[in-house]
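If you want the building blocks of each chain, they are given just below.
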Amino acid sequence: MMNIQTTGKPKLLKEINRKLAFDILEAQHSISRPELANKTGLSRATISILVDELLDRGLIDESGLGDSRGGRPPIILRFNPDAAYAVGACMHEYDWNFVVVNLDARVVRRHREHIPVAKPEAAVSALVRGFHTVTKGITNRVLPAIGVGTPGLVDIRDGQIKLAADIGWVNIPFRRMVEEVLHLDTYMANRSKVGALAEYWYGTRKGVRDLIYVSIGTGVAAGIIH
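What counts as what
Residues numbered from 1 in each chain as written. Predicted model: local features only at pLDDT ≥ 70, side-chain atom pairs only at ≥ 80, totals over all residues. Heavy atoms only, no water. Salt bridge = Lys/Arg side-chain N within 4 Å of Asp/Glu carboxyl O. Buried < 20%, exposed > 50% of the residue type's maximum accessible area, 1.4 Å probe, protein only. Pairing = 2+ DSSP bridges. Helix = DSSP H or I, 4+ residues; strand = E, 2+ residues; numbered from the N terminus. Axes fitted to C-alpha atoms, helices over the stretch in contact; angles between N-to-C directions. pLDDT = per-residue confidence, 0-100. Contact = heavy atoms within 4.5 Å. 1 Å grid on protein atoms, 1.4 Å probe; cavity = no way out; pocket = protein on both sides within 12 Å on 5 of 7 lines; lining within 4 Å. Points joined across faces, edges and corners; volume = space filled by probe spheres on them. Nonpolar A, V, L, I, M, F, W, Y, C, P; charged D, E, K, R; others polar. Phe/Tyr/Trp six-rings, centres within 6.5 Å; stacked < 30°, edge-to-face > 60°. Core = buried A, V, L, I, M, F, W, Y, C linked by side-chain atoms within 4.5 Å.

Attention now moves to the pattern of salt bridges. By the definition in use, this model includes 11 salt bridges. One salt bridge in this structure joins Arg157 and Asp155, with 3.1 Å as the shortest N-O distance. Using a relative accessible area of 12% as the deciding quantity, one classes Asp155 as buried. Salt bridges here are not isolated pairs; linked through shared partners, they connect Lys14, Glu15, Arg18 and Glu53.

So this is what it looks like as C-alpha cells:
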C-alpha cells in the first residue's frame, strides 16, 4: 500500500490517514495496532495518534489481547458501530419514511411521518417533526446531517427539486428550506437513484455490478447502475 504520510498539507493529510485507518477498522471490526499499521502503510507512531483519537471519540474500544508472536501480546481494537447514527428520509407518496442506521448501515429505528398536503412547506414541516421523533433520546449520537430522497429531477449540487411532476413541484429550493428550520447539513438526491445505491452497497446480492432499481409510488421511476 502506498505510504501517504509524507506528502500533502498536514491537516488534509491527517484526514486522509484517519479515514484510511477508520475504513480498515470498519471492514475488519477487530484488529491490533501493528496489523493496522501494516495494512495502512503508516508508521506505528502515526497509528498510535490516530487510534487514540478514535478511542477518545468512542468509535473503537480495546477488547483484550491478541496472539503473541514472541513478544508482548498486542491489544485488539474493536470497531464500535453504535458510536454514531445517521438519519435518512425518503418521500414515498405522501409520507416520509425515516431510518436511523448505525455505522454498519444496520437499521436501528424506523418511523413514518405523514405529509398532510402536497406542498413543499408541509413536506418540510413533516420532515422536521419526523426527524425529532425518530431521534428522540439519541440526539447526542446522531451525526449533524440528514440524507433526503425525493421524487423528481433533483440537482444534488444545490438541493433544488427542478421538477416533480407527480406532485406538481417546480424549482423548489428544498435543501435550503430544510436547513433553515432543521439547522443540519442536508444531502439530497432523487429517491430512486439513492435507492439503487443503497441496494448496490448493502443489498442481499453482494458482488452485483449492474442493477436496475424500480420505484413505484405516485409515479414510476428507476435508478440504474451500470
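Read across the sheet, three strands follow the order S8-S9-S10 without closing on themselves; strand pairing throughout is antiparallel. At either end of the open sheet lies a strand with only one pairing partner, and these are strand S8 (153-155) and strand S10 (169-172). Here the average twist between neighbouring strands, direction ignored, is 15°.

This part takes up the confidence of the model for the protein. Averaged over all residues, the pLDDT of the protein is 89; the fraction at 70 or higher stands at 94%. Taken as a whole, residues 1-6 scores under 50 in pLDDT and shows 17 contacts with residues more than four places along the chain or in a different chain.

Turning next to the sheet that holds strand S2 (residues 60-65). Reading across from one edge, S1-S3-S2 is the order of the three strands in this open sheet, with antiparallel pairing throughout. Only two strands of the sheet have a single neighbouring strand rather than two, namely strand S1 (30-32) and S2. Between one strand axis and the next, the sheet turns by 35° as a mean value, whatever way the strands run. As defined by bridge partners, S2 adjoins strand S3 (residues 75-79) across four bridges and the pair is classed as antiparallel. Residue Leu65 lies in a different strand from S3, and its bridge partner there is Ile75. Set on the sheet, helix H2 (residues 33-40) makes contact with S1, S2 and S3; between it and S1 the angle comes to about 90°. Packed onto the sheet, helix H3 (residues 44-56) meets S2 and S3 and runs at close to 110° relative to S2.

The subject of this paragraph is the layout of surface pockets. Taken as a whole, the largest pocket spans an internal volume of roughly 1500 Å³. Listing elements by their share of the lining of the largest pocket, those giving two or more residues are strand S4 (85-92), strand S5 (95-101), strand S6 (107-114), strand S7 (142-150), strand S11 (185-190), helix H6 (191-202) and strand S12 (211-216). In terms of residue class, the lining of the largest pocket is made up of 28 nonpolar, 11 polar and five charged.

Moving on: the environment of Ala84. Along the chain, Ala84 turns up in the loop between S3 and S4. When sequence neighbours within four positions are dropped, the list of residues in contact with Ala84 reads Val101, Asn102, Leu103, Arg141 and Leu143.

According to the stated counting rule, one finds four aromatic pairs in the structure shown. Ring geometry for Trp96 versus Phe174: centroids 6.1 Å apart, planes at 35°, classification tilted. In this pair, Trp96 sits in strand S5 while Phe174 sits in helix H5 (residues 174-182), placing the two residues 78 residues apart along the sequence. Owing to a relative accessible area of 0%, Trp96 belongs among the buried residues under this scheme. Members of the aromatic cluster, joined through ring pairs, are Trp96, Trp169 and Phe174.

Another point: the nonpolar core. Of all hydrophobic cores here, the largest spans 32 residues; its most connected members are Trp96, Phe98, Leu127, Ile146, Trp169 and Phe174. Counting residues per element, the ones that place at least two in this core are S4, S5, helix H4 (120-134), S7, strand S9 (160-164), S10 and H5. With eight residues, H4 is the single largest residue contributor to this core. The next biggest cluster of nonpolar side chains, apart from the first, holds 19 residues, and it includes Ala21, Leu25, Phe79 and Leu103.

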